[in-house]
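# Inside the fold
If you want the building blocks of each chain, they are given just below.
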Amino acid sequence: MNNTDYNKAENAVDNTKNSLKDAADNVKWKVEDLADRAKDYINERRNNDEEATQEGWFERAKANAADAWEDVKQGASDAWEKTKDAAEDVKAEWNKKTN
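Described in the following lines is the structure provided in the data block. The model shown is predicted, which means the values in this text are computed figures rather than measured ones. (Residues numbered from 1 in each chain as written. Predicted model: local features only at pLDDT ≥ 70, side-chain atom pairs only at ≥ 80, totals over all residues. Heavy atoms only, no water.)

## Here we look at the packing of aromatic side chains
A full pass over the atoms with the stated rule returns 1 aromatic pair. With centroids separated by 6.0 Å and ring planes inclined at 40°, the aromatic side chains of Y41 and W57 adopt a geometry described as tilted. Taken together, the residues Y41 in helix 1 (residues 3-47) and W57 in helix 2 (residues 54-98) connect sequence positions 16 residues apart. No difference in accessibility class separates Y41 from W57, as the two residues are buried. (Phe/Tyr/Trp six-rings, centres within 6.5 Å; stacked < 30°, edge-to-face > 60°. Helix = DSSP H or I, 4+ residues; strand = E, 2+ residues; numbered from the N terminus. Buried < 20%, exposed > 50% of the residue type's maximum accessible area, 1.4 Å probe, protein only.)

In structure tokens form, the structure reads like this:
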């Protein structure tokens, strides 16, 4: 296997790392978004003369967390596929050169 093939494999790993970093950054934004939504929930309840409860907030947060998990899962899945595809390419090149 020549340096180009190794470079392709290293680039695939770097791309995966970057995809996972992006997914982590998205989670960070989701957490900040949840904090803002918690404030919104409390203000909404106050404006309607209703009590803001932990259970009510958890129900709302659970729905938002499910959305965030789907985003993270999609990002991790994309990273997996990119790495798997690149690994298959390198493997095919290796087999071609050794056969």
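## As for the pattern of salt bridges
In total, this model carries 4 salt bridges according to the counting rule given. Linking R45 and E50 is a salt bridge whose minimum nitrogen-to-oxygen distance equals 2.6 Å. For E50, a relative accessible area of 39% puts it in the partly exposed group. (Salt bridge = Lys/Arg side-chain N within 4 Å of Asp/Glu carboxyl O.)

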